[in-house]
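In case you want the letters, here they are:
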Amino acid sequence: SQTIHQWPATLVQPVGSPLSLECTVEGTSNPNLYWYRQAAGRGLQLLFYSVGIGQISSEVPQNLSASRPQDRQFILSSKKLLLSDSGFYLCAWGDLTYTFGSGTRLTVV
Amino acid sequence: TQLLEQSPQFLSIQEGENLTVYCNSSSVFSSLQWYRQEPGEGPVLLVTVVTGGEVKKLKRLTFQFGDARKDSSLHITAAQPGDTGLYLCAGDSGYSTLTFGKGTMLLVSP
């Protein structure tokens, strides 16, 4: 069966520090992968998606970047965090329906 | 830009009550999905509706897809505290990504 792993679950980082969130999928090949951010338990904002290794589409220009170094690995990064980067980050995989990871709560202080 | 508008934004009810939440758009979708998200967790898929006018039932939850495939509703009968969560609808319009609504936050009190 397919599973998705996302870590860490919570993270507190100072302003200006770097960020790396990792997401891996098991049990499937060449999945479409997505990074979302959710503020205050509300709607999902699509940040990046990838349909294959090295292929990244950015939906919102911002302080973040994404990479897909392996087929089932998706990484969300930042060189210098801003206060406005705080939020709940979700990784997902899928095509017509999505399976989400358990999320990372990021607080930038 | 395709939008999915969900209403109400927030709903607080007592255990045992019935409720309906809505997901509306001016765009046509190939399919529409409903997800439920509990605090601190990722959304979990509840159902996918594909055919205009389709009705699907999952125990106390009834999902309907509009005839024109532009809207959907979720009806919960005899709500329970375990139904508490954020209900998100998402539409597939044939693009690379799903379009999500902003969700309805449901709180069911004992």
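Residues numbered from 1 in each chain as written. Chains lettered and ligands numbered in written order. Predicted model: local features only at pLDDT ≥ 70, side-chain atom pairs only at ≥ 80, totals over all residues. Heavy atoms only, no water.

Peer 1: What is the right way to read the overall build of chain B from this model?
Peer 2: When its secondary structure is counted, chain B shows 0 helices and 11 strands. For chain B, whose C-alpha radius of gyration is 13 Å, the value lies close to the compact-globule estimate of 13 Å for 110 residues. In terms of principal-axis extent, the alpha carbons of chain B reach across some 40 × 30 × 20 Å. Taken across its 110 residues, chain B has 46% of its residues classed as buried. Of the contacts formed within chain B by residues at least 6 apart in sequence, a portion of 53% connects residues at least 24 apart. Once the 8 positive and 10 negative side-chain charges of chain B are each reduced to a mean point, those two points are 5 Å apart. (Helix = DSSP H or I, 4+ residues; strand = E, 2+ residues; numbered from the N terminus. Rg over C-alpha atoms; globule rule 2.2 N^0.38 Å. Buried < 20%, exposed > 50% of the residue type's maximum accessible area, 1.4 Å probe, protein only. Contact = heavy atoms within 4.5 Å. Lys, Arg positive; Asp, Glu negative; His and termini not counted. Charge placed at Lys NZ, Arg CZ, Asp CG, Glu CD.)

Peer 1: For this particular structure, what's the right way to read the interface of chain A and chain B?
Peer 2: Where interface size is given, it is often the accessible area lost as the parts come together that is meant. Taken together, the contacts link 17 residues of chain A with 21 residues of chain B. Here chain A packs against chain B, burying approximately 1,500 Å² in sum over the two surfaces, 55% of which is carbon and sulfur. Where chain A packs against chain B, one counts 0 salt bridges. The interface formed by chain A and chain B includes 5 residue pairs in polar contact (both at pLDDT 80 or more). (Buried area = accessible area lost by both parts, 1.4 Å probe. Salt bridge = Lys/Arg side-chain N within 4 Å of Asp/Glu carboxyl O. Polar contact = N/O pair within 3.5 Å; in protein donor to acceptor, adjacent residues only side chain to side chain.)

Peer 1: How do you make sense of the nonpolar core when you look at a structure like this?
Peer 2: A general feature of soluble globular proteins is that nonpolar side chains tend to end up buried together. Counting 21 residues, the largest nonpolar core has B:L19, B:L32, B:W34, B:L74, B:I76 and B:L106 as its most contacted members. Listing elements by their share of this core, those giving two or more residues are β2 (10–14), β3 (19–24), β4 (31–37), β5 (44–49), β7 (61–65), β8 (71–76), β9 (85–92) and β11 (104–109) of chain B. In contact with B:I76, other than residues within four places in its own chain, are B:E17, B:N18, B:L19, B:R60, B:L61, B:D83, B:Y87 and B:L106. Counting residues in each nonpolar core, the second largest holds 19 residues, with A:W35, A:L47, A:W93 and A:V108 among its members. (Core = buried A, V, L, I, M, F, W, Y, C linked by side-chain atoms within 4.5 Å.)

In short, the description is geometric, and any link to function would need to be established separately.
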